Amino acid sequence: GLSAGFMATRAIFPLSEDGKRPWLSLLVALVLLGAGLLGVLFHLGRPERFINAMMNPVAGIAQEGYTSIVFGLLLLIDLILVWRKGESPRGLQIATGVAGFALTVVMGNAYTAYLGTPAWTSWATVPLFVVGDIAMGGALYGIFAAKAYEKPGYLALMIAAEVVFAVALYFLVLHFANVGLGGGALVFGIVVAGLGAFAATMLVRKRPSLALTYAVLACSVVGVAAARWAFYAAAAL
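What you are looking at is a predicted structure, and each value in this text was computed from that prediction instead of being measured. (Residues numbered from 1 in each chain as written. Predicted model: local features only at pLDDT ≥ 70, side-chain atom pairs only at ≥ 80, totals over all residues. Heavy atoms only, no water.)

**Some words on the overall build of the protein**
Here is step 1 of the chain: The helix and strand inventory of the protein stands at nine helices and zero strands.
Here is step 2 of the chain: Starting at the N terminus and ending at the C terminus, the protein contains elements arranged as α-α-α-α-α-α-α-α-α.
Here is step 3 of the chain: A compact globule built from 237 residues should have a C-alpha radius of gyration of about 18 Å, and the protein, at 18 Å, falls within 12% of that.
Here is step 4 of the chain: By residue count, 48% of the 237 residues in the protein fall in the buried class.
Here is step 5 of the chain: Residue pairs at least 24 apart in sequence account for 71% of intrachain contacts in the protein once pairs closer than 6 positions are excluded.
Here is step 6 of the chain: For the protein, the accessible surface area stands at approximately 11500 Å², while carbon and sulfur atoms represent 71% of it.
Here is step 7 of the chain: Charge-centre separation for the protein: the mean point of 14 positive side chains lies 5 Å from the mean point of 9 negative side chains. (Helix = DSSP H or I, 4+ residues; strand = E, 2+ residues; numbered from the N terminus. Rg over C-alpha atoms; globule rule 2.2 N^0.38 Å. Buried < 20%, exposed > 50% of the residue type's maximum accessible area, 1.4 Å probe, protein only. Contact = heavy atoms within 4.5 Å. Areas by Shrake-Rupley, 256 points an atom, 1.4 Å probe, with all protein chains shown as cover. Lys, Arg positive; Asp, Glu negative; His and termini not counted. Charge placed at Lys NZ, Arg CZ, Asp CG, Glu CD.)

Have a look at this one:
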């Protein structure tokens with residue numbers, strides 16, 4: 001999700017490729033995607049279970065796998081072109097970003113119809129993934145983009161992602177309560193990924209610094225991770 005959100009943000013706001021290592025951000029995104037896919041294998045326990053799941057296109061995990069493959073291939077091509085030529089076509093950047101955004105949607109939608117876990121069957125499940133990924137990926141973009149927070153469009157995207165994520169989590173807390181579950185970790189996500197990241201964003205806008213830029217990223221990642229931990233833990237309750 002962090003990788004997908006980053007590439008979706010890059011598709012909207014192209015990164016300057018004039019630096020000494022313009023491929024570094026793409027390499028980071030590819031490594032993050034690979035780590036996430038390894039997590040899928042560990043989640044299923046045995047590799048043959050993953051193969052069986054991929055044979056069922058209706059399954060959410062299969063759809064996530066197919067979308068990840070498309071996104072990963074486009075990301076790899078993008079990385080190779082930037083590494084070899086110093087830049088990649090704008091059309092490829094957009095295509096990679098669209099594939100990344102599609103992955104965030106597939107990730108969230110995969111759980112909404114899972115009736116075995118009532119806590120997941122809420123409309124707020126989709127923004128938990130989509131908006132959370134954009135918040136995290138957008139914050140990662142700020143690490144690699146010089147003076148990113150001075151760009152009105154990027155600043156608006158970050159503020160919108162942080163606010164909408166916090167609102168979506170609020171409604172998810174209410175949904176958890178309706179099905180008899182506590183939402184402490186979700187509230188923590190609201191405070192850290194919503195309010196904390198928003199406060200750090202406002203600070204870095206006024207006083208640009210690398211430390212504050214990393215603070216936005218840390219708040220987003222920690223807050224989203226906590227919220228998703230609560231989300232997944234609901235399946236065991």
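**Observations regarding the pattern of salt bridges**
Here is step 1 of the chain: Evaluated as defined, the whole model comprises two salt bridges.
Here is step 2 of the chain: Its salt-bridge partner being aspartate 78, residue arginine 10 comes within 2.8 Å of it at the nearest N-O pair. Here arginine 10, found in helix H1 (residues 2-12), pairs with aspartate 78, found in helix H4 (residues 60-85); they are 68 residues apart in sequence, far enough to count as distant.
Here is step 3 of the chain: Notably, a salt bridge pairs arginine 228 with aspartate 133, separated by 2.6 Å at the nearest N-O pair. Taken together, the positions of arginine 228 in helix H9 (residues 210-233) and aspartate 133 in helix H6 (residues 125-144) put the pair 95 residues apart, joining distant regions of the chain.
Here is step 4 of the chain: Judged by its relative accessible area of 0%, aspartate 133 falls in the buried class. (Salt bridge = Lys/Arg side-chain N within 4 Å of Asp/Glu carboxyl O.)

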